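Residue-level structure breakdown
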Amino acid sequence: MASQSHKINGVSLTALVITTAIGSGIFALSSDLAIAAAPGAALISWAIVGFGILMLAACLNNLLNKRSDLEGIFAYGKAGFGPFVGFISGWGYWMSAWLGNVAFATVFMSTLGYFFPIFQRGNSPLSILVASVIAWLLTLLVNHGVESATLMNTIITVCKLIPIFTFIVVAIVLFNGHIFTTQFWGNFRGTLTLGAIAPQIKSSLMIMMFVFVGIEGATIMASRAKSRKIAGRATLIGVSCLLFIYALASILPYGYLSRAELVQMKQPAMVFIFEKMVGQWGGSFISIGILVSILGAWLSWTMLPAETLGMMAEQGLIPKGFAKKNKHGAPTLALITTASMVQVFMIVLVFAERAYEFAYSLCTASIVVCYAIVAAYQIKYSWQNRGQKGNRLQLLIGVAALMFQLVVITLSGLQYLFICLVVYVPGIILYALTLKQNTGQYLNRLEWSASVLIVSGAVITVALMIMGRINL
Ligand SMILES: NC(=[NH2+])NCCC[C@H](N)C(=O)O
């Protein structure tokens, strides 16, 4: 066991929450958001998403303290609702982790395109080829026991935060109230109706959720924190800081360029907005920040999904082989499986019209499964212990968090959730085989029914994709 002095303190853990959550999202945010919404609606959306994510962070905080015996985010699913739900949650988390890397890949390549125009389209066959090589190289590194070391993490954090803060400061200086308010509610005439704003809010939700993926980082590191209390608090403070940074970075540009101009920005938008603000050097400055930020995040998100598979295997949810470590202490089978999935989806991206949006929406949709299960467990636990002080409030927090996740996914992510079902199919087979090996039985009746639903959903999705009814 690590001695007390080697344990992570609150400040480092808060920094960890912030840096694991900042990958590619913030750099592309402004134009993604401009496509979806005018500044008025974007602000309302931040308030809604901010509230929902804070509720989720409050659940993670609470459960970290009350169920300090559980480790990892999907352990709550298993503890609250049995192994099958634990599997659903873990598989969702795993999927989200590597799908996010697919999203990283497109932004990474289009940022490289700033220096080498041939890569400008992040999902051209050549870009995907290079991105695949990078993904496999990172896998190879992790397989040789390379972990993002503390010093490297600090350097990466500085490299990504400096460009972001510089951008925010310059954007504040150049902020023009007139431009900002001209089309505050969008391009409408007459009185402002909910009908005019609601669709804008709806289209902002997925990208806003995506940028928060990773806040559960402190939960995963909780066992290495000085105390569970500290880990929980780090999540809450980290989320509040993130909300502040994201809202500033995405809203300020509306006071510099018109929405029409923002929509036209090449991706990643922050590069080109900043270049317009300060000149050529600005573009390179932000681009380098992005490349470092993504590479750093990509490396940690290469380890995470493999570790997740390993933990699931240890808990008897998938075959033991996934937990087997090589001589460098890395789970080779889990790493290769994950990298192969990344490879398949990268190839799919070549055919996607808006590749980045497609990848981040899938990443968000699959983690919502996992987040919703956390919130559901918070409700169950608080209800069972409702006699204890404070648990009624926790119950309400759980309900708010769950409602938020369900509403977001229903409003804007259903088609992505359906695509995720397809990836659940091989997982269910692995789960059933493992169950048989451990207990001598395949699925029980409830698990059967759930599996039939999932597999049917997957079949329908594939059929709809073939018929061209679901577009990539
Ligand atoms: N590889 C991943 N799972 N990435 C998810 C994290 C994405 C991160 N929130 C971002 O803004 O870019």
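Residues numbered from 1 in each chain as written. Predicted model: local features only at pLDDT ≥ 70, side-chain atom pairs only at ≥ 80, totals over all residues. Heavy atoms only, no water.

Some words on the pattern of salt bridges
In the structure shown here, the tally under the stated rule is two salt bridges. A salt bridge links Arg67 to Asp69, with the nearest nitrogen and oxygen atoms 2.6 Å apart. Judged by its relative accessible area of 53%, Asp69 is exposed. When the shortest N-O distance is used, the salt bridge between Glu357 and Arg354 registers 2.8 Å. (Salt bridge = Lys/Arg side-chain N within 4 Å of Asp/Glu carboxyl O. Buried < 20%, exposed > 50% of the residue type's maximum accessible area, 1.4 Å probe, protein only.)

Structural notes on a nonpolar patch on the surface
Taken together, the side chains of Phe115, Phe116, Ile118, Leu126, Leu129 and Ile288 present a nonpolar region at the surface, about 580 Å² in accessible area. Looking at where Ile118 falls in the secondary structure, it is placed in the loop between helix 5 (83-115) and helix 6 (125-143). The exposure class assigned to Ile118 is exposed, which follows from its relative accessible area of 58%. (Patch = residues over 30% accessible without salt bridge, like charges linked within 9 Å, V, L, I, M, F, W, Y side chains within 5 Å. Areas by Shrake-Rupley, 256 points an atom, 1.4 Å probe, with all protein chains shown as cover. Helix = DSSP H or I, 4+ residues; strand = E, 2+ residues; numbered from the N terminus.)

Observations concerning helix 18 (residues 445-466)
The end-to-end C-alpha separation of helix 18 is 32 Å, in line with the 32 Å expected for 22 residues at 1.5 Å each. Buried residues in helix 18 make contact with helix 5 and helix 17 (391-439). Two or three places before Leu446, at the opening of helix 18, Asn444 has a side-chain oxygen 3.1 Å from that residue's backbone nitrogen. (Expected span 1.5 Å × (residues − 1). Contact = heavy atoms within 4.5 Å. Polar contact = N/O pair within 3.5 Å; in protein donor to acceptor, adjacent residues only side chain to side chain.)

Quick look at the site of the ligand
Not every one of the 13 residues close to the ligand is listed here, only the nearest: Ala21, Ser24, Gly25, Asn101 and Phe210. In this structure, Gly23 approaches the ligand through a main-chain N or O atom, which is 3.3 Å from an oxygen atom. Contacts to the ligand include Phe210, whose backbone N or O atom sits 2.8 Å from a nitrogen atom. Look at the ligand: alone it shows 340 Å² of surface, and the protein chains cover 100% of it. Ranked by residue count, the leading element in the shell around the ligand is helix 5, at five residues. For the shell around the ligand, a count of residues per class yields seven nonpolar, six polar and no charged. (Near = heavy atom within 4 Å. Nonpolar A, V, L, I, M, F, W, Y, C, P; charged D, E, K, R; others polar.)

Focus on the packing of aromatic side chains
Applying the stated criterion across every chain yields a total of 27 aromatic pairs. Between Trp46 and Phe212, the ring centres sit 6.4 Å apart and the planes meet at 80 degrees, which makes this aromatic pair edge-to-face. Linking Trp46 in helix 3 (residues 39-66) with Phe212 in the loop between helix 9 (194-210) and helix 10 (217-220), this pair joins segments that are 166 residues apart in sequence. In this pair, the class of Trp46 matches that of Phe212, namely buried. Ring pairing ties together the aromatic residues Phe84, Phe87, Trp91, Trp94, Trp98, Phe345, Tyr424 and Tyr431, which thus form one cluster. (Phe/Tyr/Trp six-rings, centres within 6.5 Å; stacked < 30°, edge-to-face > 60°.)

Section: the environment of Val425
On the secondary structure map, Val425 appears in helix 17. For Val425, a relative accessible area of 23% puts it in the partly exposed group.

As for unusual backbone geometry
A cis geometry characterises the amide bond from Gln267 onward to Pro268, with omega recorded as -15 degrees. Looking at the element boundaries, Pro268 is found in the loop between helix 12 (259-264) and helix 13 (269-278).

Focus: the confidence of the model for the chain
The predicted model of the chain has a mean per-residue pLDDT of 89, with 95% of residues at 70 or higher. Mean pLDDT across the elements of the chain ranges from a minimum in helix 10, with 70, to a maximum in helix 16 (residues 355-384), with 95. The ipTM for the predicted assembly is 0.97, set against a pTM of 0.92. (pLDDT = per-residue confidence, 0-100.)

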